[in-house]
Amino acid sequence: MRLSAAKVHWLVRNNYLIRATSFVALFVAIGMHMAGRGYGAVAWGLLGMQFLVYPHLVFWRARRARDSLKAEFSNLAIDTLLLGVWAAALGFPTWIAFTMFMGSALNSATIRGWRGALYAFLSYFAGALLWVIGAGFRYAPETEFLSVALCLVGLTIYVLNVGNVTFVRNLKLRNTRETLKRHEQALLKANLELEAGLAEIQRLQAELQEQATRDPLTGLYNRRYFDETLERELARAEREVSPLCLMMIDLDHFKQVNDSYGHQAGDEVLRMFGAMLRESARA
């Protein structure tokens, strides 16, 4: 099943660009080295297939794979194996062989660390060994000046490109972490504000409940609380088979206080009387 481009891992696309550009540079460097050395049409055809066509084929393979990242890891191993074959086939020309190995090892190490570099070394050695076993060993380390110069320039650009890719990824990762940290702090602040709001709501609810069941003048429980409590106490008395007593209190001649000293004085008397009751009786 073909996957959409959005599901292809970013590493696959990044390696495709690196592989395509670096292999073109290797094609030119190896072509300069092969020129005038009697290589036939088959060798030149294989050179074009390897360094001009192959990068697009492995990218197509990784894009169609169910796990594009896993497919790309195997592509890297195949890259290094084939480069080892080319190094042995050319007779291990110093700068070309070194450039191919360092490019592969650096790319693998960037992705998978020292383990990736070790895999690259083993794959490169395996590719060279396959050629030696099949076609024999040949050692021709000489490399033309133009090939050396191109290898140096290409390897330098390759290293700088890998470093730039690493820098960009690290920058994005750092920005993502800072953004997550800011969001986390904002979320924490909002959570604290929410908790404070909930605490205030609970306080207001308790205050409203208190206001709904207490007389604002005396601070004593009101008729509403009395009705609720009486029903509850009657049920408890019936359940426990215990007596229930109701006491009524009246202030004699309280109207004379209001008439003689005014309602404000009467209110003060009620407040003081309520305080006396609260101090003298249980809650």
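Just so it is clear, the structure is predicted and the values come from calculations on it, not from any experiment.

Rules behind the numbers
- Residues numbered from 1 in each chain as written.
- Predicted model: local features only at pLDDT ≥ 70, side-chain atom pairs only at ≥ 80, totals over all residues.
- Heavy atoms only, no water.
- Helix = DSSP H or I, 4+ residues; strand = E, 2+ residues; numbered from the N terminus.
- Rg over C-alpha atoms; globule rule 2.2 N^0.38 Å.
- Buried < 20%, exposed > 50% of the residue type's maximum accessible area, 1.4 Å probe, protein only.
- Contact = heavy atoms within 4.5 Å.
- Areas by Shrake-Rupley, 256 points an atom, 1.4 Å probe, with all protein chains shown as cover.
- Lys, Arg positive; Asp, Glu negative; His and termini not counted.
- Charge placed at Lys NZ, Arg CZ, Asp CG, Glu CD.
- pLDDT = per-residue confidence, 0-100.
- Patch = residues over 30% accessible without salt bridge, like charges linked within 9 Å, V, L, I, M, F, W, Y side chains within 5 Å.
- Salt bridge = Lys/Arg side-chain N within 4 Å of Asp/Glu carboxyl O.

Is there a simple way to think about the overall build of the protein in this case?
A tally of regular secondary structure across the protein gives eight helices and zero strands. In sequence order, the secondary structure elements of the protein are arranged as α-α-α-α-α-α-α-α. Over its C-alpha atoms the protein spans a radius of gyration of 44 Å, topping by over 25% the 19 Å that the globule rule assigns to 283 residues. In terms of principal-axis extent, the alpha carbons of the protein reach across some 135 × 45 × 30 Å. In the protein, which comprises 283 residues, the proportion classed as buried is 28%. Residue pairs in contact within the protein that sit at least 24 positions apart in sequence constitute 73% of those at least 6 positions apart. As displayed, the protein offers around 19,200 Å² of accessible surface, 65% of which is attributable to carbon and sulfur atoms. Computed over 31 positive and 25 negative side-chain charges, the inter-centroid distance for the protein is 23 Å.

Any chance you could explain the confidence of the model for the protein here in plain terms?
Interpretation of this model should avoid reading the predicted coordinates in detail wherever pLDDT is low. In this model, the protein carries a mean pLDDT of 86, and residues with pLDDT of at least 70 account for 98%. In the predicted structure, residues 1-6 sits below a pLDDT of 50 and forms nine contacts with residues beyond four places in sequence or in another chain.

Help me out: how do you make sense of a nonpolar patch on the surface in this one?
Taken together, the side chains of V24, V28, M32, M49, L52, V53, L57, F145 and L146 define a hydrophobic patch exposed on the protein surface, amounting to about 810 Å² of accessible area. If one sorts the elements of the nonpolar patch by residue count, helix 2 (residues 41-64) sits on top with four residues. By the secondary structure assignment, F145 is in helix 5 (residues 145-213). F145 gets classed as exposed once you look at its relative accessible area, which sits at 68%.

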